[in-house]
Amino acid sequence: MTVSVQTDAVGGEVLRPHAEQAFADELKALAAADDRPRPARWKLSPWAVSTYLFGGTLPDGTLITPKYVGPRRLVEVAVSTLATDRALLLLGVPGTAKTWVSEHLAAAVSGDSTLLVQGTAGTPEEAVRYGWNYARLLADGPSREALVPSPVMRAMADGMTARIEELTRIPADVQDALITILSEKTLPVPELGQEVQAVRGFNLVATANDRDRGINELSSALRRRFNTVVLPLPATPEAEVDIVSRRVAQTGHALDLPPAPDGMAEIRRVVTIFRELRDGITTDGRTSLKSPSATLSTAEAISVVTGGLALAAHFGDGVLRPGDVAAGVIGAVIRDPAADRVVWQEYVETVVRERDGWKDFYRACREAAE
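Residues numbered from 1 in each chain as written. Predicted model: local features only at pLDDT ≥ 70, side-chain atom pairs only at ≥ 80, totals over all residues. Heavy atoms only, no water.

At a minimum axis separation of 8 Å, helix 13 (residues 298-315) and helix 14 (residues 322-333) run at an interaxial angle of 145 degrees. Between helix 13 and helix 14 lies a crossing whose hand is right-handed. Only Asp324, Val325, Gly328, Val329 and Ala332 of helix 14 make contact with helix 13, whose side of the interface consists of Val304, Gly308, Leu311 and Ala312. (Axes fitted to C-alpha atoms, helices over the stretch in contact; angles between N-to-C directions. Helix = DSSP H or I, 4+ residues; strand = E, 2+ residues; numbered from the N terminus. Left-handed = near helix turned anticlockwise from the far one by under 90°. Contact = heavy atoms within 4.5 Å.)

Encoded structure:
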């Protein structure tokens with residue numbers, strides 16, 4: 001895979017290129033090979049967008065790397081939704097690749113994944129609608145030149161895909177600003193007596209966390225404007241190991257970490273621990289377990305292994321070993337120092353200690369906990 005290198009104004013490499021930058025060669029090859037109908041202002045056809053996410057080999061031999069490992073039908077439904085006038089809501093527990101999928105969808109559909117509103121408890125209405133350049137507003141009064149468009153307004157005007165991350169973290173009154181945008185496809189600007197009408201190609205991808213439903217529940221009026229696709233956790237250990245190994249390799253390459261020989265053993269170990277504690281039962285089905293308060297998502301497994309790679313590279317011999325991931329696993333599991341510590345200690349003594357081939361990891365966990 002060829003990754004295009006982006007530089008800043010002083011020539012330094014960008015730490016994390018946007019999807020359309022990192023996979024520019026793949027998107028270009030797909031566009032050249034794509035002879036299927038494309039919706040208005042789409043860079044690729046729905047078939048090519050799906051191929052971009054799931055990977056494949058083009059007729060000219062170009063390899064398209066998988067961006068998402070999961071049910072193909074869910075992604076096809078998501079892509080088809082964006083080809084209609086309904087917005088898309090990607091719903092799921094933390095670590096199910098909602099943000100990752102939304103970024104790649106926007107990159108493949110519009111060639112630009114940067115029209116982004118990051119949802120927080122403090123997100124103002126201006127982030128969804130528009131704001132003002134107050135220096136020009138005070139000097140000249142309300143005008144088009146003084147108006148500062150939001151990413152959503154820019155997407156409407158240009159027929160592109162906007163993204164809203166963590167929709168349920170946004171205050172309810174700010175969420176409601178989306179209702180007119182999604183139902184009428186217009187954004188009124190009453191200060192100017194004007195409105196911005198969405199042109200063909202505009203749509204919106206939002207993400208929301210299943211566990212955040214109690215923060216700012218979506219109103220029924222707003223929820224009706226979305227087609228909801230629930231992204232599941234990886235169905236099998238093999239699928240999760242594949243996801244973690246791919247993302248760790250990509251992240252390690254971006255951070256100039258050397259590839260870890262025989263690192264798959266520790267990746268499988270981390271995934272096994274996370275899945276067992278999430279599910280509340282060992283993989284052989286023989287031992288019931290208490291689950292900690294932590295999510296133990298695939299994204300956290302990627303972070304733990306990447307941190308272990310950094311330890312192995314900078315403070316070890318470059319080989320990923322149990323001691324390199326033990327502290328990261330403990331930190332991921334123990335979020336509530338009182339309750340989670342009991343859960344972890346019980347797991348270590350009843351499962352880790354007795355499992356064949358895990359003696360080194362057991363010792364590393366004991367040392368890390370001291």
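On we go.
Let us now look at the pattern of salt bridges. Two side chains bearing opposite charge may form a pair once their charged atoms approach each other closely. Tallied over the full model, the rule gives 19 salt bridges. Linking arginine 163 and glutamate 165 is a salt bridge whose minimum nitrogen-to-oxygen distance equals 3.4 Å. Of the two residues, arginine 163 and glutamate 165, neither departs from the other in class, the shared state being buried. Of the charged contacts in the structure, one is a salt bridge between arginine 275 and glutamate 240, with a shortest N-O distance of 2.7 Å. Here the residue arginine 275 occupies a position in helix 12 (residues 264-279), and glutamate 240 occupies one in helix 11 (residues 237-254), the gap between them amounting to 35 residues. A single burial state applies to arginine 275 and to glutamate 240, both of which are buried. (Salt bridge = Lys/Arg side-chain N within 4 Å of Asp/Glu carboxyl O. Buried < 20%, exposed > 50% of the residue type's maximum accessible area, 1.4 Å probe, protein only.)

Low-pLDDT stretches of the model should not have their predicted coordinates read in fine detail. Mean pLDDT over the chain works out to 91, with 95% of the residues at or above the 70 mark. Note on residues 1-11: pLDDT under 50 across the span, and 17 contacts to partners over four residues away in sequence or across chains. (pLDDT = per-residue confidence, 0-100.)

Attention now moves to the sheet that holds strand 10 (residues 203-209). Taken in spatial order, the five strands of this open sheet run 4-7-10-3-11, and their pairing is parallel. This sheet does not close on itself; its edge strands, each paired only once, are strand 4 (116-118) and strand 11 (226-230). Here the strands of the sheet are splayed against their neighbours by 20 degrees on average, with no regard to which way each runs. In terms of strand pairing, strand 4 meets strand 7 (residues 161-165) through three bridges, oriented parallel. Within the sheet, the bridge partner assigned to glutamine 118 lies in strand 7 and is glutamate 165. Strands in contact with helix 5 (residues 98-110) are strand 3 (87-92), strand 7 and strand 10; relative to strand 7, the strand with the most contacts, it is inclined by about 170 degrees. (Pairing = 2+ DSSP bridges.)

Aromatic ring pairs are reported here in terms of the distance separating the ring centres and the angle at which the planes meet. Considering all chains together, one arrives at five aromatic pairs under this definition. Aromatic side chains phenylalanine 23 and tyrosine 52 sit 6.4 Å apart centroid to centroid with 80 degrees between the ring planes, which places their arrangement in the edge-to-face category. In this pair, phenylalanine 23 sits in the loop between helix 1 (19-22) and helix 2 (24-33) while tyrosine 52 sits in helix 3 (residues 46-54), placing the two residues 29 residues apart along the sequence. With centroids separated by 6.0 Å and ring planes inclined at 80 degrees, the aromatic side chains of phenylalanine 54 and tyrosine 68 adopt a geometry described as edge-to-face. Residue phenylalanine 54 is found in helix 3, and its partner tyrosine 68 is found in the loop between strand 2 (63-64) and helix 4 (72-82); the two are separated by 14 residues along the sequence. Residue classification places phenylalanine 54 among the buried residues on the basis of a relative accessible area of 13%. One cation-aromatic arrangement involves arginine 247 over tryptophan 100; the distance from NZ or CZ to the ring centre is 4.0 Å. (Phe/Tyr/Trp six-rings, centres within 6.5 Å; stacked < 30°, edge-to-face > 60°. Lys NZ or Arg CZ within 6 Å of the ring centre and 35° of its normal.)

What follows covers unusual backbone geometry. Despite not being glycine, alanine 97 shows a phi value in the positive range, around 70 degrees. Following the sequence through the fold, alanine 97 ends up in the loop between strand 3 and helix 5. The backbone phi angle of lysine 185 is positive, close to 60 degrees, even though this residue is not glycine. Within the secondary structure, lysine 185 is located in the loop between helix 9 (177-184) and strand 8 (186-189).

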